[in-house]
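Geometric and topological summary
Listed here are the chains, written in short residue letters.
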Amino acid sequence: MRRVRPLGRAVRREWGPLWAAVRTAVATERLRAVPMTLAAVCLTALLQVVQNRSWGYGPVQALGAVRADDPLWAALLRTPLSLFVPALDLPVWGALAQVLLVFGIAEICLGRWRTLLIAYVATLAGTLYARIGVAVGPDGFPGLPGSDAQVVDTGPSAAVVAMAVCVCFAYRARFTGGLVIVAMVVEVAVKDNLAGREHLVAIAAALVLCAVPALRGRCRQGLGERAGTRSGAPPIRSWNLRRGPAQRTSWW
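Residues numbered from 1 in each chain as written. Predicted model: local features only at pLDDT ≥ 70, side-chain atom pairs only at ≥ 80, totals over all residues. Heavy atoms only, no water.

1. A word on the overall build of the protein chain
If you tally the helices and strands in the protein chain, you get nine helices and zero strands. Across the protein chain, helices and strands are ordered from the amino to the carboxyl terminus as α-α-α-α-α-α-α-α-α. In the protein chain, which comprises 252 residues, the proportion classed as buried is 41%. Restricting to contacts in the protein chain with at least 6 residues of sequence separation, those with at least 24 account for 70%. (Helix = DSSP H or I, 4+ residues; strand = E, 2+ residues; numbered from the N terminus. Buried < 20%, exposed > 50% of the residue type's maximum accessible area, 1.4 Å probe, protein only. Contact = heavy atoms within 4.5 Å.)

2. Quick look at helix α8 (residues 174-190)
The terminal C-alpha atoms of α8, which comprises 17 residues, lie 24 Å apart, in line with the 24 Å expected from a rise of 1.5 Å per residue. Within α8 the residues assigned to the buried category are T176, G177, V180, M184 and V188. The buried residues of α8 occupy one face: seen down the axis, they fall within an arc of 125 degrees. Residues of α8 that are exposed and angled more than 90 degrees away from the buried face: R174, F175, A189 and V190. (Expected span 1.5 Å × (residues − 1). Arc of directions from axis to C-beta.)

3. Section: the packing of helix α3 (residues 57-64) against helix α4 (residues 72-82)
Their axes nearest at 7 Å, the elements α3 and α4 cross at an angle of 115 degrees. One element, α3, and the other, α4, form an angle in the roughly perpendicular class. Note on element contacts: α4 touches α3 through R78, L81 and S82, opposite Q61, A62, L63 and G64. Grouping the constituent residues of the contact of α3 with α4 by class yields three nonpolar, three polar and one charged. (Axes fitted to C-alpha atoms, helices over the stretch in contact; angles between N-to-C directions. Parallel < 35°, antiparallel > 145°, perpendicular 65-115°, else oblique. Nonpolar A, V, L, I, M, F, W, Y, C, P; charged D, E, K, R; others polar.)

4. Overview of the pattern of salt bridges
Scanning all chains against the criterion turns up three salt bridges. Between R78 and D70 there is a salt bridge whose closest N-O contact spans 3.1 Å. Residue classification places D70 among the buried residues on the basis of a relative accessible area of 11%. R112 serves as the salt-bridge partner of E107, at 3.4 Å between the closest nitrogen and oxygen. (Salt bridge = Lys/Arg side-chain N within 4 Å of Asp/Glu carboxyl O.)

5. Here's the deal with unusual backbone geometry
Even without a glycine there, the phi angle at R30 is positive, about 55 degrees. Take R30: it is sitting in the loop between α1 (4-29) and α2 (35-51). Overall, the relative accessible area of 61% leaves R30 in the exposed class. A positive phi angle is found at R172, which is not glycine, with a value near 55 degrees. Looking at the secondary structure, you find R172 in the loop between α7 (157-170) and α8. Judged by relative accessible area, which is 40%, R172 ranks as partly exposed.

6. Describing a nonpolar patch on the surface
Nonpolar side chains collect at one region of the surface, where L7, V11 and W15 lie side by side and expose about 290 Å² of accessible area between them. Tracing the sequence through the fold places V11 in helix α1. On the basis of relative accessibility, which here comes to 36%, the residue V11 falls in the partly exposed class. (Patch = residues over 30% accessible without salt bridge, like charges linked within 9 Å, V, L, I, M, F, W, Y side chains within 5 Å. Areas by Shrake-Rupley, 256 points an atom, 1.4 Å probe, with all protein chains shown as cover.)

7. So, the side chain of T115
Structurally, T115 is set in helix α6 (residues 112-136). Apart from the residues within four sequence positions on either side, T115 is in contact with M36, F103, A106, E107, L110 and M163.

8. Focus on the confidence of the model for the protein chain
With 83% of its residues at a pLDDT of 70 or more, the protein chain shows a mean pLDDT of 83. Scored below 50 in pLDDT, residues 237-251 makes 39 contacts in the model with residues more than four places away or belonging to other chains. (pLDDT = per-residue confidence, 0-100.)

9. Considerations on the environment of P80
In this fold, P80 is placed in helix α4. Given a relative accessible area of 35%, P80 falls into the partly exposed group. Considering only alpha carbons, one finds P80 and G64, 16 residues apart in sequence, at a separation of 7.7 Å.

10. Examining the nonpolar core
Ranked by internal contacts, the top residues of the largest apolar core, which has 40 residues, are F103, L110, I118 and M163. Of all the secondary-structure elements, those providing two or more residues to this core are α1, α2, α5 (92-110), α6, α7, α8 and α9 (194-231). Here this core gets 11 residues from one element, more than from any other, and that element is α7. A68, L144, A149 and L194 belong to the second largest nonpolar core, which has six residues in total. (Core = buried A, V, L, I, M, F, W, Y, C linked by side-chain atoms within 4.5 Å.)

11. Let's talk about the packing of aromatic side chains
Taken as a whole, this structure holds one aromatic pair when the rule is applied. Seen from their ring centres, F84 and F103 are 6.5 Å apart, and the 55 degrees between their planes marks the pair as tilted. In this pair, F84 sits in the loop between α4 and α5 while F103 sits in helix α5, placing the two residues 19 residues apart along the sequence. For the residue pair F84 and F103, the accessibility class agrees, reading buried in each case. (Phe/Tyr/Trp six-rings, centres within 6.5 Å; stacked < 30°, edge-to-face > 60°.)

Written out as structure tokens, the structure reads:
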């Protein structure tokens, strides 16, 4: 029992605020809490059905498949839809489960527009990395073989990884966030391919998105402290802690 109690406290400290936020939103709003996520799941399922039809594969590839050898303008236009085009060689239920779980948690915890921004930036970062890596070649850093120019980008998985890292950062679930990063590093170590590397690039993009508001908040806090010292008033904190069971440091 003595060992269980510290473990329970660690679990509550790691996941308690996140679980409370998700539980409260689902209990009070039910499906209204995740309208974007439900739309994303339906769109992913629809694209999977269409691209597995003889008449639908071509249009889906033309509208939502991004490759490194595509013209940049075409890749940029296709990137938003590419978020919801699941890989043909993987079971679609895995992609749907990822979108439902991670998109849903991110939509509740980070908000709809922040979630969309993270998803798009992470996917776009992976797309641009693929182009740079192929241009550098396999002998340079961070080069890729020329054959990867024909490989379709990762679909929703890069966005899912980035959102998981951002949610962990926002709710201070450091151990879980570290596990996500370590898992992606191990993935590349075991099977070094374009998808794995794009996942790492997506994590890097997510960390940048998390770090910029945090650094900006620290700068404002420092300015507030100096102003408070001069005026004699207490310093103003530019970040705040939400009270209640879903307590977290607000960012962005």
